[in-house]
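Inside the fold
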Amino acid sequence: MRVKQLLVLPKLPEQLKPLQEMANNLWYSWNWDVVKLFIRLDPDLWERTYQNLVQMLSQLPQHALQKTAEDEGFLATLDKVYEKYQDYLHRKKWFHYKYGEYEKDPIAYFSLEYGLDTGLPVYSGGLGVLSGDTLKSASDLGLPMIAVGLLYRYGYFRQFLSSDGWQQERYEENDWYHMPVQLVKNENDEPLRVSLVLDNVPVQIQVWKVLIGLVPMYLLDTNIPENSSKAREITSVLYGGDKDMRIRQEIVLGIGGVRALRALGINPAIFHINEGHAWFLSLQRARFLMEEHHLSFKEAAQYIWSTTIFTTHTPVPAGNEKFDPVLVHRYLGSFVKELGLSWQDFLAIGRINPTDATEHFGMTPAALRCSAFANGVSKLHGKVSREMWHIMWPDLPAEEVPIRSITNGVHPSSWISHDMKDLYLSYFGARFVERPGAPELWERVHRIPDVELWRVHNRRRERLVFFARKRLKQQLQRRGATQIEIQGADQFLDPQILTIGFARRFSTYKRGHLLMHNLDRLERIINNKERPVQVIISGKAHPLDNPGKEIIREIIMHISEERFRHRIVFLEDYDINVARYLVQGSDIWLNNPRRPQEASGTSGMKAALNGALNLSILDGWWVEGYSEETGFKIGFGEEYENVTMQDELESEALYNTLEREVIPLFYNRNDIDLPDRWIQKMKASIQMAGEHFSAQRMLMNYTNQCYVPAIDASRKMSTNNFELNRQVTSWLERISNSWEQIAITDIDIPDIGPTVQVGQKIPVTMKVRLGDITPDDVRVEIVAGRLDSQERFMDLVPTPATLNGSSPQPDSSADGVYSYTGEVTCSESGRFGVTARVVPKNEHLHHMRRPKLISWW
């Protein structure tokens, strides 16, 4: 049967056309004024459509639209909101004032998922929500960012639990024609398409566009009739299927994404790879550079290295994506051959040990090798990443491995409740609307009277409880509960008592059941008649993660007991909407991962912005956010080999902190029934989160430390048909081929005895054989610092040495031996060591920390 397709659009009265425009821009997802307009149209329909404004407009009866078009009050409000929207689109922002000369240098941002709003389900959890907050903040700051991802036919799964608590998954097909996405057309008004070949089969990709304020996001879709059924399924499910599906998705994202940008006429100056999934984009970039500018693969790779930012999110080696070389060859063998690269040389890019033929191809090692700018997502995670990937730079001290730290942040306007936002606006001033991430505004939280802050927070806790009861009724109804049981959900929870929120992915390291380690003690805590406590839990386990599912089942089993069932509840199908209610209404935000396996975590930041206090293991972002004024800690940052002992000790610490610190502080009230000391802690927590953990601050760090230097490199390296890039590549090849000739033959330190005084300067003279390499090509450094018991440097400090004269010593000229001098200062008492090293030097490279290009004494 053949069917002619037509797209039927709602017929909006002229006065309501701005509604359609704003519904197709996810700016609405962080602007409550827009949402209120749609709720006024039909509050029940708003909920039935999962807050999808485009779908809602399509389902509103024509007579209702016409009636609204005659409502002068509605139209007046619409005009004000639309004027605010237009002002946002056209107002100059931070990037224009700070880096206006870079506004025409696009920044391409690639991620496998984006969590932007409930009405666009192309995300699973934290990584996607971070990507979404990044794009929203890029819009707020005016960055010239373009995002690329995949358009998943079914998105991530919807969760429901069986009667015994086992997680079940349900996949619902997305109707893109009723979502805030637009099919991109070419000049002939036909769908824009690009293609690639997978396993000798052509795959067509069409492109959809989403607007996030000022930032366009392009989503790739293979579910089109011209493709085979196997090709159509590539963009069917997020994080579904096996390794074969994953590599095809990542090839479409990386190679297809670069081709799509080219078809759109977009030529990014730099690329930001959010996690290793998109690394294959480097191959297509190399291919374009080789075809269009006649660069060799090495020259193309050098340019790509200079203009790529890579963010790693995984703090354990097993969590990084790897593929069997046989599978990689199946889909990329021909592509690699066309690049003129041998298969072994290609595999070496993705191997920790390039010569290990048994090692699989790793996306993270490949991304680290091909990115001048690499970072972890918190200070602790940066340290963990440097230690984890130190094996790729074995001659460097771990602290010098080229992975910096840029701590994650959240988009304040997306997560702060509209009640709290109105309160902040009253005391922070009008600038809070334009720049909610501006650190200097947040100290004004101390101007808010305690009674006002507490009133708003109580209101949000009440709304959380009412929301939870409503969800519980829906869950009971779905399980076939009796009417009496369903109505009994109104007796669950209490809107006036201390409320703990716990919501996240159920992975074993996150220990979702740690609070239930000692059930009798937990019972005494939550059922205390004078100081009761309640807990609201939510989260999903990956469909293939049976240990994670078992944790959920265990929780459900425990909270079904009569002693817990009114005080601890589990909300199914965790998503952005559930997350908002939880972070906006909880008093305590609980987080208890196994340190150091939480790379960052961002839910606690969102809760803190709403006045919740964090109770957490000192892991991820909380290492930086915690102080006695801002929240509570579990333990002291210990790390354990024995996980059974760890759970025992840290559950004990959790219970102790609740009983001795958290609960007494919450229930200790002053003469007007305010928990004044708790409120002071709330204000300190709000200020901490606002000043240091906004995504605007995060993106400013990326811009200053990565984006602008990378754009500068892009400009310099590509000038005059990549002349400088060719020179640098040739220089690197020459240096690499001759590096083994380098040796520090002697270090001379005056005989000053076995002890020296703090502050004393020590002169150092070195003889360095450079062979064919000139002194201009290297930097000789004296390395000094305190030593531990294993004679390893504890706080290594390199100091540049100075070349004596400008030519080799006469008696050593054949070997190219040079003399260098310098001095070090003994800044601290204790065991002190001195050595020296030689590293490459080139002003045109962001850094010279290359594997094997370092020589120690």
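Residue numbering note: each chain is counted from 1, following its sequence as written. This being a predicted model, a pLDDT of at least 70 is required before a residue's local features are given, and a value of 80 or more before pairs of side-chain atoms are given or counted; all residues contribute to the totals for chains, interfaces and linings. To obtain the side-chain values, all non-hydrogen atoms of the structure were included, while hydrogens and water were left out.

1. Describing the overall build of the protein chain
Broken down by element type, the protein chain carries 29 helices and 28 strands. The C-alpha radius of gyration computed for the protein chain amounts to 29 Å, which stays within 12% of the reference 29 Å derived for 857 residues, consistent with globular compactness. Projected onto its principal axes, the C-alpha positions of the protein chain cover 100 × 70 × 50 Å. Classification of residues uses two cut-offs on accessible area relative to the type maximum, computed with a 1.4 Å probe and protein chains only: under 20% is buried, over 50% is exposed, and between them is partly exposed. Across the 857 residues of the protein chain, 58% fall into the buried class. Whether two residues touch is decided by their heavy atoms; if any such pair falls within 4.5 Å, the residues are in contact. A separation of at least 24 residues holds for 72% of the contacts in the protein chain among residues at least 6 apart in sequence. Method for areas: the Shrake-Rupley scheme with a 1.4 Å probe, in which residue coverage is limited to the protein chains shown. In the structure as shown, the protein chain presents an accessible area of about 35800 Å², 49% of it carried by carbon and sulfur atoms. Positive residues here are Lys and Arg, negative ones are Asp and Glu, while His and the chain termini are left out of the count. Charge coordinates come from a single atom per side chain, which is NZ of Lys, CZ of Arg, CG of Asp or CD of Glu. Considering the protein chain, the positive charge centre built from 98 side chains and the negative charge centre built from 108 side chains are found 3 Å apart. Helix and strand labels come from DSSP, where a helix needs a run of H or I of at least four residues and a strand needs a run of E of at least two; each type is numbered from the N terminus. Each radius of gyration reported is based on C-alpha atoms, and the globular scaling rule is 2.2 Å times the count of residues to the power 0.38.

2. Remarks on the packing of helix 20 (residues 450-478) against helix 24 (residues 576-585)
In helix packing, the relevant descriptors are the interaxial angle and the interaxial distance, both defined with respect to the helix axes. As a rule, the C-alpha atoms of each element are fitted with a line to give its axis, helices using only the stretch in contact, and angles between N-to-C directions run from 0 to 180 degrees. Between helix 20 and helix 24, whose axes approach to 8 Å, the crossing angle comes to 140°. Regarding helix 20 and helix 24, the two cross each other, and that crossing is left-handed. Contacts between helix 20 and helix 24 pair His457, Arg460, Arg461, Arg463, Leu464, Phe467 and Arg471 from the former with Asn577, Val578, Tyr581, Leu582, Gln584 and Gly585 from the latter. For this classification, Asp, Glu, Lys and Arg are treated as charged, while Ala, Val, Leu, Ile, Met, Phe, Trp, Tyr, Cys and Pro are nonpolar and the rest, including Gly, are polar. For the contact of helix 20 with helix 24, the residue count by class is five nonpolar, four polar and four charged. Two helices cross in a left-handed way if the nearer one is turned anticlockwise from the farther one by less than a right angle. They cross in a right-handed way if the turn is clockwise.

3. A closer look at the side chain of Gln584
Note on placement: Gln584 falls in helix 24. For Gln584, a relative accessible area of 8% corresponds to the buried category. Setting aside anything within four residues of it in sequence, one finds Gln584 in contact with Trp415, Ile416, Ser417, Arg460 and Asn610.

4. Notes on the packing of aromatic side chains
Each pair of aromatic rings taken from Phe, Tyr and Trp, with Trp reduced to its six-membered ring, is defined by centres within 6.5 Å and is described as stacked if the planes are under 30 degrees apart, edge-to-face if over 60, and tilted in the remaining cases. Evaluated as defined, the whole model comprises 36 aromatic pairs. Centre to centre, the rings of Trp27 and Tyr85 are 5.0 Å apart; their planes meet at 55°, and the pair counts as tilted. Here Tyr85 lies in helix 6 (residues 72-90) and Trp27 lies in the loop between helix 1 (17-23) and helix 2 (32-41), a separation of 58 residues in the sequence. Neither residue differs from the other here; Trp27 and Tyr85 are each classed as buried. Where Tyr156 meets Phe157, the ring centres are 4.6 Å apart and the plane angle is 45°; that geometry is what we call tilted. We note that Tyr156, like Phe157, is buried. In this structure an aromatic cluster arises from ring pairing among Trp27, Trp30, Tyr82, Tyr85 and Tyr88. If you follow Lys93 out to its NZ or CZ, it ends over the ring of Tyr88, 4.5 Å from the centre. Over a ring means this: the NZ of a Lys or the CZ of an Arg is within 6 Å of the ring centre and within 35 degrees of the ring normal. Over the ring of Phe666 we find Arg669; its NZ or CZ atom is 5.1 Å from the centre of that ring.

5. Observations regarding a nonpolar patch on the surface
A surface patch of nonpolar side chains, about 190 Å² in accessible area, is lined by Ile749, Ile752 and Val756. In this fold, Ile749 is placed in the loop between strand 21 (743-748) and strand 22 (761-769). Patches were defined on residues exceeding 30% relative accessible area and lacking a salt bridge, with like-charge contacts within 9 Å and nonpolar side-chain contacts (Val, Leu, Ile, Met, Phe, Trp, Tyr) within 5 Å. Here, a salt bridge means any Lys or Arg side-chain nitrogen found within 4 Å of an Asp or Glu carboxyl oxygen.

6. Quick word on the nonpolar core
We define the nonpolar core as a collection of buried residues of types Ala, Val, Leu, Ile, Met, Phe, Trp, Tyr and Cys that are connected through side-chain atoms lying within 4.5 Å of one another. Ranked by internal contacts, the top residues of the largest apolar core, which has 183 residues, are Trp279 and Phe346. Looking at which element gives the most residues to this core, the answer is helix 29 (residues 695-738), with 17 residues. Counting 92 residues, the second-largest nonpolar core is a separate cluster that includes Phe467, Ile555, Ala608 and Met682.

7. Some words on helix 28 (residues 676-692)
An α-helical turn contains 3.6 residues, so a residue and the one three or four places further along point in the same direction. By definition here, a helix of n residues has an expected span of 1.5 Å times n minus one. For helix 28, built from 17 residues, the straight-helix expectation of 24 Å at 1.5 Å per residue is met to within 8% by its first-to-last C-alpha distance of 24 Å. Where burial is concerned, most of helix 28 is hidden: 13 out of the 17 residues are buried.

8. Some points on the packing of helix 2 against helix 6
Relative to each other, helix 2 and helix 6 sit at 155°, their axes nearing to 10 Å. When the axis of helix 2 is compared with that of helix 6, the two are roughly antiparallel. For the crossing formed where helix 2 meets helix 6, the hand is left-handed. Note on element contacts: helix 6 touches helix 2 through Gly73, Phe74, Thr77, Leu78, Val81 and Lys84, opposite Asp33, Val34, Leu37, Arg40 and Leu41. By the definition adopted for this analysis, an angle is roughly parallel if under 35 degrees, roughly antiparallel if over 145, roughly perpendicular if from 65 to 115, and oblique otherwise.

9. Observations concerning the pairing of strand 9 (residues 270-274)
Looking along a regular strand, one sees side chains alternate from face to face of the sheet. Counting buried residues in strand 9 gives five out of five residues, a clear majority hidden from the surface. Neither face of strand 9 is exposed, since Ile270, His272 and Asn274 on one face and Phe271 and Ile273 on the opposite face are all buried. Across four bridges, the pairing between strand 9 and strand 10 (residues 308-311) is parallel. Residue pairing in the sheet places Asn274 in a bridge with Thr311 of strand 10. The pairing criterion for strands is at least two bridges between them, as found by DSSP.

10. Observations concerning the pattern of salt bridges
On inspection of all chains with the given rule, the structure shows 57 salt bridges. We note a salt bridge from Glu733 to Lys298, for which the minimum N-O separation is 3.3 Å. Of this pair, Glu733 sits in helix 29 while Lys298 sits in helix 12 (residues 297-306), placing them 435 residues apart in sequence. For Lys298, a relative accessible area of 51% corresponds to the exposed category. In this structure, a network of salt bridges that share partners links the residues Arg158, Arg170, Glu172, Lys540 and Asp573.

11. Side note on the side chain of Glu250
Turning to its location among the elements, Glu250 is positioned in helix 10 (residues 243-263). Of the residues examined, Glu250 reaches a relative accessible area of 0% and is grouped as buried. Excluding residues within four positions of it along the chain, Glu250 makes contact with His277, Phe280, Glu321, Phe323 and Met363.

12. Details of the sheet that holds strand 23 (residues 778-786)
Spatially, 24-23-27-28 is the arrangement adopted by the four strands of the open sheet, whose pairing is antiparallel. Since the sheet does not close on itself, it has two edges, and those belong to strand 24 (797-800) and strand 28 (855-856), each with one partner. Note: strand 27 (residues 832-840) against strand 28, two bridges, orientation antiparallel. If you follow Val838 over to strand 28, its bridge partner there is Ser855.

13. Comments concerning the environment of Pro775
The topology assignment puts Pro775 in the loop between strand 22 and strand 23. In contact with Pro775, other than residues within four places in its own chain, are Leu770, Leu803, Tyr818, Tyr820 and Lys841.

14. Quick look at the pairing of strand 18 (residues 588-591)
Residues Ile588 and Leu590 line one face of strand 18 and the alternating positions Trp589 and Asn591 line the opposite face, and both faces are buried. Here strand 15 (residues 498-503) pairs with strand 18 via two bridges, running parallel. Of the residues in strand 18, the one forming a bridge with Ile500 is Ile588. Across four bridges, the pairing between strand 18 and strand 19 (residues 613-617) is parallel. By the bridge assignment for strand 19, Leu590 is matched with Leu615. When the strands point away from the viewer and the connection leading from the first strand across the helix to the second strand turns clockwise, the crossover is called right-handed. This β-α-β element, strand 18 to helix 25 (residues 603-609) to strand 19, shows right-handed connectivity.

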